Amino acid sequence: MAFLEDYKAHTKERATLGVPPLALTAEQTAELVELLKASPIVEQDYAMDIFVNKIPAGVDDAAYVKAAFLNDVVQGNVSCDSIDAVKACEILGLMLGGFNVTPLVEALKIDGDVANAAANQLKNTILVYDSFNDVKRLMDEGNAKAKEIVESWANGEWFTNKPAMDEEITVTVYKIPGETNTDDLSPASEAFTRADIPIHANSFLINRMDNPLDTMKKLKEKGHPLAYVGDVVGTGSSRKSGINSVQWHMGKDIPGIPNKRTGGIVIGDIIAPIFFNTAEDSGCIPIQAPTAELNTGDVITVKPFDGTIEKDGKVVSTYEIEPNTLPDEMRAGGRIPLIIGKGLTLKAREALGMDAGNIFMTPSQPADNGKGFTLAQKMVGKACGIEGVKPGVYCEPVATTVGSQDTTGPMTRDEVKELAALNFGADMTMQSFCHTAAYPKPADIKLQHTLPEFWTSRKGFILRPGDGVIHSWLNRLCLPDTVGTGADSHTRFPIGISFPAGSGLVAFAGVTGMMPLTMPESVLVRFKGTMQPGITLRDMVNAIPHQAIKDGLLTVEKAGKKNIFGGRVLEIEGLEDLKCEQAFELSDASAERSAAACTVKLNKEPIIEYLNSNIALIDELIKQGYEDAATLARRRDKMKDWIANPELMEADSDAEYAAVIEIDMDQIKEPILACPNDPDDVKTLTEIRAAGLRTEIDEVFVGSCMTNIGLFRALGEILKGEGPVKNKLWVCPPTKMDEKQLAEEGYYSIFGMAGARTEIPGCSLCMGNQASVAQDAWVFSTSTRNFDNRLGKGSQVYLGSAELAAVVALKGALPTPQEYLEIVSGKITPEMTDTVYKYLNFNTVSQEQLTAMIK
């Protein structure tokens with residue numbers, strides 16, 4: 001009784017926020033079960049509603065308690081006034097998979113209505129994994145119901161029993177003109193609420209417009225669901241939380257699954273590729289179509305199969321449905337359940353000696369033009385067990401390395417539970433705490449306490465708070481010429497290739513060890529010439545969009561935006577002698593180009609150097625008790641195997657690219673910056689002054705995954721002996737190893753004399769959910785991106801190199817090119833270069849040093 005009263009109070013409290021109550025914990029579920037065992041049941045209807053609809057599914061701890069109770073009912077071990085054995089099977093069928101499967105399989109051994117009910121539920125359950133073998137065993141032993149189930153799976157009834165995607169969908173337009181980035185849909189400042197989908201959805205668009213929730217409420221009075229519409233939609237980080245919020249406001253409830261919705265439509269002239277895929281995975285229809293004739297409040301009819309959008313009876317927009325399998329994906333509830341279900345159907349057909357059948361749509365595959373493969377196409381081909389994969393070809397490459405960080409970790413955890421998985425299938429699945437370690441909220445602390453056991457129990461590798469940025473660590477665990485993914489758009493490997501994704505697909509890749517991919521086209525960026533004195537690799541990063549704008553391949557304006565990199569692989573050549581840490585500066589920034597992935601062609605020597613260093617690091621991690629030790633050791637051994645036979649792929653000479661951009665480094669003689677507040681709006685120092693942009697700077701940030709230890713030494717050398725800087729200076733190394741080495745070398749003393757504020761290794765200002773700059777501050781930053789409000793409310797942010805950051809800090813303003821070159825050349829002379837830009841090779845330091853770095 002006390003539980004019900006407490007839950008009513010909780011429900012009332014949540015209602016004041018406009019959201020439903022939280023799902024039950026395992027402890028609350030146990031209390032509820034005891035109430036249901038009583039006769040009579042107190043507030044029977046209310047208790048049953050909670051039991052059916054407010055307990056998580058899959059392999060959540062609460063689901064375990066629920067399934068165990070229902071199993072006892074089915075087996076006659078306990079009685080319940082509201083639930084008989086048949087009803088118990090029906091409730092079990094709503095639990096997706098995992099802990100509910102064994103009770104249903106066991107129920108097949110009971111004759112009559114119970115076995116019928118269990119069979120009906122299993123026919124529509126696809127997350128059965130190894131329990132398939134249990135059902136087949138029963139079939140082989142003569143169980144008729146088990147045979148029915150296998151035949152049903154073989155015939156795809158789990159799919160055909162669902163309604164097909166509607167041929168006409170009438171919706172009301174909710175349009176956000178211009179560009180919507182994922183910070184708009186899922187503000188970083190509210191990252192700690194992302195796993196609580198209804199609460200996080202309250203922050204939907206709060207930084208973009210006034211009263212968005214009231215606006216949506218009024219639009220719904222027209223009697224139709226809403227469609228999210230924009231010119232450019234979903235740029236930025238790969239946030240499943242953004243799609244979660246879209247679906248919460250514009251989707252539909254899922255029976256038996258608390259506080260999560262599916263469905264919805266997103267329409268954009270351009271939809272960022274990761275966001276597009278995340279929508280697919282979640283059962284939300286993504287449509288790339290012209291939106292000029294669509295305005296907020298319009299009632300439109302979307303005809304997906306015809307590729308038209310009608311308003312007032314007239315066609316106002318046309319498009320081609322992509323991918324061609326989208327109707328199947330939506331019918332299945334999303335791309336991920338479609339893949340899992342198709343795998344189950346194929347397995348059942350093989351068990352019955354049937355051919356592959358034609359139940360599902362076949363992904364369209366372009367004809368082979370006979371040309372060679374690019375480097376990216378060969379890497380993906382290797383992961384598929386073939387020579388290469390051409391653009392437009394659907395494939396399912398092995399995901400060798402998978403990464404998750406803490407603001408998406410709770411969602412990834414929940415997605416893993418819903419996938420009913422108790423083990424990771426990927427060779428390396430890593431979790432970090434870099435986004436919340438510095439200024440944790442109570443929810444973050446709870447996550448730091450609870451996520452490690454969840455992760456390591458599934459044989460994943462987990463970092464500790466304060467260890468540093470996910471990418472700086474995950475890069476050290478990569479293998480050459482392999483494929484991976486991560487729940488952060490900056491998961492861009494310096495060796496191999498990564499296709500970042502939302503937390504749902506990351507969970508899927510971690511669980512299954514593969515990922516769905518329609519191979520994108522590639523854009524080749526070829527560097528030539530020699531990097532000039534004072535010019536940095538960060539300037540080469542910004543030279544890519546700078547040259548693309550000159551070539552007419554990229555525009556800054558959002559309406560009718562042109563972006564040659566969008567959704568394609570950015571392949572970089574001409575800098576083969578870069579260290580791997582340097583190569584990551586280039587691959588990392590491909591996220592800001594909205595590229596699907598990036599490759600950097602390197603020689604064997606820097607890769608061998610990098611792997612030898614990382615082998616020593618892994619050995620020390622194991623020695624100091626990091627888990628999972630077996631997973632770490634397996635990755636170390638694979639690194640050793642590669643070094644013993646170092647082979648690297650190369651693009652074929654006749655490979656085709658969507659575009660080739662050549663950058664002559666001899667012609668780049670001054671720094672290039674991204675201007676406020678758009679990473680595509682790049683200008684030289686001279687062009688910034690010519691455009692009349694403000695040059696006075698209030699705050700400077702040196703940090704993020706775009707930095708490495710060499711850049712902090714460069715910062716220190718330029719600041720050395722100059723006293724306090726002219727503005728607020730933030731310093732945040734990416735890893736604790738960098739921090740400790742810089743302290744030992746005396747650079748933290750220099751930072752202190754300069755008046756810098758030093759931050760715990762991690763994301764710091766870059767993420768926008770921890771510390772922030774002053775409101776309306778003008779900022780120079782080495783971070784990844786500079787969207788509105790990213791570093792602080794109203795902030796205006798330039799992006800550029802650590803060397804330029806140091807000069808800006810000294811002057812309190814952007815320098816002229818001459819001032820910059822004079823200061824940098826005077827502080828970092830040619831003979832100092834090798835010492836300043838020296839990277840952490842863990843295999844060359846003493847054991848004592850290595851132990852201290854990791855401890």
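Below or above, wherever it landed, is the structure these notes cover.

Within the protein, the secondary structure is distributed over 34 helices and 27 strands. Against the compact-globule benchmark of 29 Å for 855 residues, the protein has a radius of gyration of 28 Å, which places it among compact chains. Overall, the protein is about 90 × 70 × 60 Å in size when its C-alpha atoms are taken along their principal axes. Carbon and sulfur atoms make up 49% of the accessible area of the protein, which amounts to about 30,900 Å² in all. Put simply, the protein has 83 plus and 116 minus side-chain charges, and the middle of one group is 1 Å from the middle of the other.

Once that is clear, we can look at the sheet that holds strand β12 (residues 428-431). The strand order across the open sheet built from five strands is β13-β12-β11-β14-β15, with neighbouring strands paired in parallel fashion. Two strands lie at the open edges of the sheet, namely β13 (461-462) and β15 (497-498), each paired on one side alone. Pairing of strand β11 (residues 401-404) with strand β14 (residues 483-486) involves three bridges; the strand directions are parallel. The partner of G403 across the bridge, within β14, is G486. Strands β11, β12 and β14 of the sheet are contacted by helix α22 (residues 503-512), whose axis makes an angle of about 140 degrees with β11.

Before going further, it helps to examine a negative patch on the surface. The grouping of D6, E27, E31, D61 and E453 at the surface amounts to a negative patch. Secondary-structure assignment places D61 in helix α4 (residues 61-74).

Counting through the fold element by element, G710 comes out in helix α28 (residues 709-719). With relative accessibility at 0%, the residue G710 sits in the buried group. The spatial distance from the C-alpha of G710 to the C-alpha of V52 is 57 Å, given a sequence separation of 658 residues. Look past the residues within four positions of G710 in its chain and what remains in contact with it is V836, Y837 and K838.

Turning our eyes to something else, we now look at the pairing of strand β6 (residues 285-288). Two strands pair when backbone bridges link them, and strand β5 (residues 265-271) and β6 are joined in this way by four bridges, in the parallel orientation. Along β6, the bridge assignment pairs I265 with I285.

Attention shifts here to the pattern of salt bridges. Per the stated rule, a full pass over the model turns up 48 salt bridges. E148 is paired through a salt bridge with K123; the nearest N and O atoms lie 3.2 Å apart. Pair noted here: E148 is in helix α9 (residues 144-154) and K123 is in helix α7 (residues 113-123), with a separation of 25 residues, a long-range link. With its nearest N and O atoms 2.7 Å apart, the salt bridge here joins D253 to R261. Each of K240, K260, E415 and E418 takes part in one network of salt bridges that share partners.

A word on the packing of helix α8 (residues 131-140) against α9. One can describe the packing of α8 onto α9 by two numbers: an axis separation of 7 Å at closest approach and a directional angle of 125 degrees. With respect to their mutual orientation, α8 and α9 come out oblique. Between α8 and α9 lies a crossing whose hand is left-handed. Here α8 contributes F132, V135, L138 and M139 to the contact with α9, which in turn contributes A146, K147, I149, V150 and W153. When its residues are assigned to classes, the contact of α8 with α9 shows eight nonpolar, no polar and one charged.

Cis geometry marks the peptide bond from S39 to P40, where omega comes out at 5 degrees. When you line up the elements, P40 lands in the loop between α2 (26-37) and α3 (44-53). A cis geometry characterises the amide bond from E627 onward to D628, with omega recorded as 0 degrees. A positive phi is found at S704, a non-glycine position, where the angle reads about 95 degrees.

Moving on: α22. Of all 10 residues in α22, nine are buried; the element is thus mostly enclosed. Among the residues making up α22, those that are buried are S503, G504, L505, V506, A507, F508, A509, G510 and V511. Note on α22: the residue one or two positions beyond its end, G513, has a positive phi of about 75 degrees.

All right, on to the packing of aromatic side chains then. Across all of its chains, the model carries 13 aromatic pairs by this definition. Taken together, a centroid distance of 4.9 Å and an interplanar angle of 55 degrees make the contact between F424 and W455 tilted. Here the residue F424 occupies a position in the loop between α19 (409-418) and β12, and W455 occupies one in helix α20 (residues 442-457), the gap between them amounting to 31 residues. An angle of 65 degrees between the planes, with centres 5.5 Å apart, marks the rings of Y748 and F751 as edge-to-face.

We now examine the environment of T851. For T851, the position within the fold is in helix α34 (residues 847-854). Taking the C-alpha atoms as reference points, T851 and Q624, 227 residues apart in sequence, are found 8.2 Å from one another. When sequence neighbours within four positions are dropped, the list of residues in contact with T851 reads E620 and Q624.

Time to look at the sheet that holds strand β20 (residues 659-664). Reading across the sheet, the four strands line up as β19-β18-β17-β20 and stay open at both edges, with parallel pairing between neighbours. Each edge of the open sheet carries a strand with a single partner, namely β19 (597-600) and β20. On average, each strand axis in the sheet is inclined to that of its neighbour by 20 degrees, with strand direction left out of account. Bridge analysis of strand β18 (residues 569-573) against β19 gives four bridges, and the strand direction is parallel. Looking at β19, one finds that L570 is bridged to C598. Those strands touched by helix α23 (residues 537-550) are β17 (522-528), β18 and β20, and its axis lies near 125 degrees from that of β20.

Structurally, T301 is set in strand β7 (residues 299-303). On the basis of relative accessibility, which here comes to 17%, the residue T301 falls in the buried class. A polar side-chain atom of T301 sits 3.5 Å from a polar atom in the side chain of T170. T301 has contacts with E168, I169, T170, T308, I309 and E310, leaving out every residue within four places of it along the chain.

Here α9 has its buried residues at K145, A146, I149, V150, S152, W153 and A154. For α9, the capping residue at the N-terminal end is N143, with a side-chain oxygen 3.0 Å from the backbone nitrogen of K145. The positive-phi residue at the C-terminal boundary of α9 is G156, with phi of around 65 degrees.

Here we take up the packing of helix α25 (residues 604-623) against α34. Packed helices, taken two at a time, are described by the angle their axes make and the gap between the axes. Their axes nearest at 10 Å, the elements α25 and α34 cross at an angle of 65 degrees. In terms of axis orientation, α25 runs roughly perpendicular to α34. Pair α25 / α34 crosses with right-handed handedness. In contact with A616, L617, E620, L621 and K623 of α25, α34 contributes Q847, L850, T851 and I854.

Let us now look at the environment of A119. Mapped onto the secondary structure, A119 falls in helix α7. For A119, a relative accessible area of 0% corresponds to the buried category. For the pair A119 and A146, spaced 27 residues apart in the sequence, the C-alpha separation amounts to 7.2 Å. Discounting residues that sit within four places of it in the chain, A119 has contacts with L108, K145 and I149.

How each quantity is defined
As a convention, each chain's residues are numbered from 1 in the sequence order in which they are written. With pLDDT at 70 or above as the cut-off, local features in this predicted model cover only qualifying residues; side-chain atom pairs require 80 or more to be listed or tallied, and sums for whole chains, interfaces and linings still use all residues. To get the side-chain values, all heavy atoms of the structure are used, and hydrogens and water are removed first. Strands here mean DSSP runs of E at least two residues long; helices mean DSSP runs of H or I at least four residues long; both are numbered from the N terminus. With C-alpha atoms as the basis for the radius of gyration, the globule rule is written as 2.2 Å multiplied by the number of residues raised to the power 0.38. With residues, only the protein chains shown are counted as cover, and all accessible areas are computed by Shrake-Rupley using a 1.4 Å probe. Charge convention: Lys and Arg are scored as positive, Asp and Glu as negative, and His as well as the terminal groups of each chain are ignored. The location of each charge is read from NZ of Lys, CZ of Arg, CG of Asp or CD of Glu. Strands were regarded as paired on the criterion that DSSP finds at least two bridges between them. By the convention used here, residues are in contact when the closest approach between their heavy atoms is within 4.5 Å. Axis geometry follows a simple rule: fit a line to the C-alpha atoms, using only the stretch in contact for helices, then measure angles between N-to-C directions, giving values from 0 to 180 degrees. Exposure above 30% relative accessible area and no salt bridge define the residues that can form patches, which grow by joining like charges within 9 Å and nonpolar side chains of Val, Leu, Ile, Met, Phe, Trp and Tyr within 5 Å. The rule for a salt bridge is simple: a side-chain nitrogen of Lys or Arg has to be within 4 Å of a carboxyl oxygen of Asp or Glu. When a residue's accessible area, from a 1.4 Å probe over protein chains only, is under 20% of the maximum for its type it is buried; when over 50% it is exposed; and in between it is partly exposed. Note that the term roughly parallel is reserved for angles under 35 degrees, roughly antiparallel for angles over 145, roughly perpendicular for angles of 65 to 115, and oblique for everything else. Handedness of each helix crossing follows the sense of rotation of the near helix against the far helix: counterclockwise by less than a right angle gives left-handed, clockwise gives right-handed. Side-chain classes follow a simple rule in which Ala, Val, Leu, Ile, Met, Phe, Trp, Tyr, Cys and Pro form the nonpolar group, Asp, Glu, Lys and Arg form the charged group, and the remainder, Gly included, forms the polar group. Note on aromatic pairs: the rings of Phe, Tyr and Trp (six-membered ring only in Trp) are paired at centre separations within 6.5 Å, and the planes decide the class, stacked below 30 degrees, edge-to-face beyond 60, tilted for the rest. Residues adjacent in sequence count toward polar contacts only when both atoms are side-chain atoms; beyond that, a polar contact is any pair of N or O atoms within 3.5 Å, and within protein one must be able to donate a hydrogen and the other to accept it.

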